[in-house]
Amino acid sequence: MFIYTKQYGLGPEEEDSFVRCVSVLGNVADQLYYPCEHIAWAADANILCVDSARWWTLSTAFWGLSLLLGIARSLWLVLTLRRRLRSPVVAFTSRLPRSKRRAMEAQVRSEVLAVLSNLADLANAVHWLPRGVLWAGRSPPWLVGLLGTVSSLLSVYQAVQASGGEAAATP
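If you're wondering where the values come from, they're calculated on a predicted model, not measured in any experiment. (Residues numbered from 1 in each chain as written. Predicted model: local features only at pLDDT ≥ 70, side-chain atom pairs only at ≥ 80, totals over all residues. Heavy atoms only, no water.)

> I would appreciate a short explanation of the packing of aromatic side chains in the present structure.
Any pair of aromatic rings gets described here by the distance separating the centres and the angle formed by the planes. Enumeration over the complete set of coordinates arrives at 2 aromatic pairs. Here the aromatic rings of F18 and W76 are separated by 5.0 Å at their centres, their planes lie at 50°, and the arrangement is tilted. Remark: W76 occurs in helix α3 (residues 52-85) and F18 occurs in helix α2 (residues 17-44); sequence separation between them is 58 residues. Overall, F18 belongs to the partly exposed group, its relative accessible area being 35%. A relative accessible area of 31% means that W76 is categorised as partly exposed. (Phe/Tyr/Trp six-rings, centres within 6.5 Å; stacked < 30°, edge-to-face > 60°. Helix = DSSP H or I, 4+ residues; strand = E, 2+ residues; numbered from the N terminus. Buried < 20%, exposed > 50% of the residue type's maximum accessible area, 1.4 Å probe, protein only.)

Structure representation (structure tokens):
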């Protein structure tokens, strides 16, 4: 994760400033999540003498923030891509090449799946926050498991689609 964040940096290659900003903030939230989670784990394992509950709460909050930023990014991309696909200028002057149109439609589908996966994870993240925060601690175990399973299946599906798309593009 750190290598990805380092390579992305401030997103100089990203055209859209909103996507760049949300992606950088998401990377910061991800990078802050991991040390908090490790400190909480070390406290639970009696390696560190600190209150693990505070660190679990902080790590879960960073996880939720990362998910919210990911949802915002994906929704923005869906809206932007759909706007481009339905643009009267594109439809009237010159139609997009079929391959580019298909690639944009595939990206829209991928971003929608990312939103659904992040929403399932966000519901679980809120569940693991301290009681009194939204619906924290109120989800039955079967729902927590179902949301985790849905998120995982969507992520696996996206990974298969991405690898299939790369294999199909290779001559």
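Anyway, onward from the coordinates.
> Sorry, what's going on with the side chain of N124 here?
Checked against the element boundaries, N124 lands in helix α5 (residues 98-127). Residues within four places of N124 in sequence aside, it is in contact with W63, V144, L147 and G148. (Contact = heavy atoms within 4.5 Å.)

> So what exactly am I meant to see when it comes to unusual backbone geometry here?
Where the residue is not glycine, phi is negative for most of them; where a peptide bond is considered, it is trans in most cases. Despite not being glycine, N46 shows a phi value in the positive range, around 60°. As for its position among the elements, N46 is in the loop between α2 and α3. Backbone geometry at L134 places phi at a positive 50°, although glycine is not the residue there. Locating L134 in the fold gives a position in the loop between α5 and α6 (141-169). Among the residues examined, L134 registers a relative accessible area of 56% and is labelled exposed.

> Sorry if this is basic, but what is going on with the pattern of salt bridges here?
Pairs can form between side chains of opposite charge whenever their charged atoms are close. A complete count under the given rule lists 2 salt bridges for this structure. One salt bridge connects E111 with R73, and the closest N-O pair in it is separated by 3.7 Å. You can see E111 sitting in helix α5 and its partner R73 sitting in helix α3, a full 38 residues away along the chain. Residue E111 is classed as buried on the basis of its relative accessible area, which comes to 9%. Here R73 falls in the partly exposed class, since its relative accessible area comes to 26%. A salt bridge links E105 to R101; the nearest nitrogen and oxygen atoms lie 3.9 Å apart. (Salt bridge = Lys/Arg side-chain N within 4 Å of Asp/Glu carboxyl O.)

> Please clarify how the packing of α2 against α3 should be interpreted in this entry.
Look at α2 against α3: their axes get within 8 Å of each other, and the N-to-C directions meet at 160°. On the basis of their axis angle, the class for α2 and α3 is roughly antiparallel. The handedness of the crossing between α2 and α3 comes out as left-handed. (Axes fitted to C-alpha atoms, helices over the stretch in contact; angles between N-to-C directions. Parallel < 35°, antiparallel > 145°, perpendicular 65-115°, else oblique. Left-handed = near helix turned anticlockwise from the far one by under 90°.)

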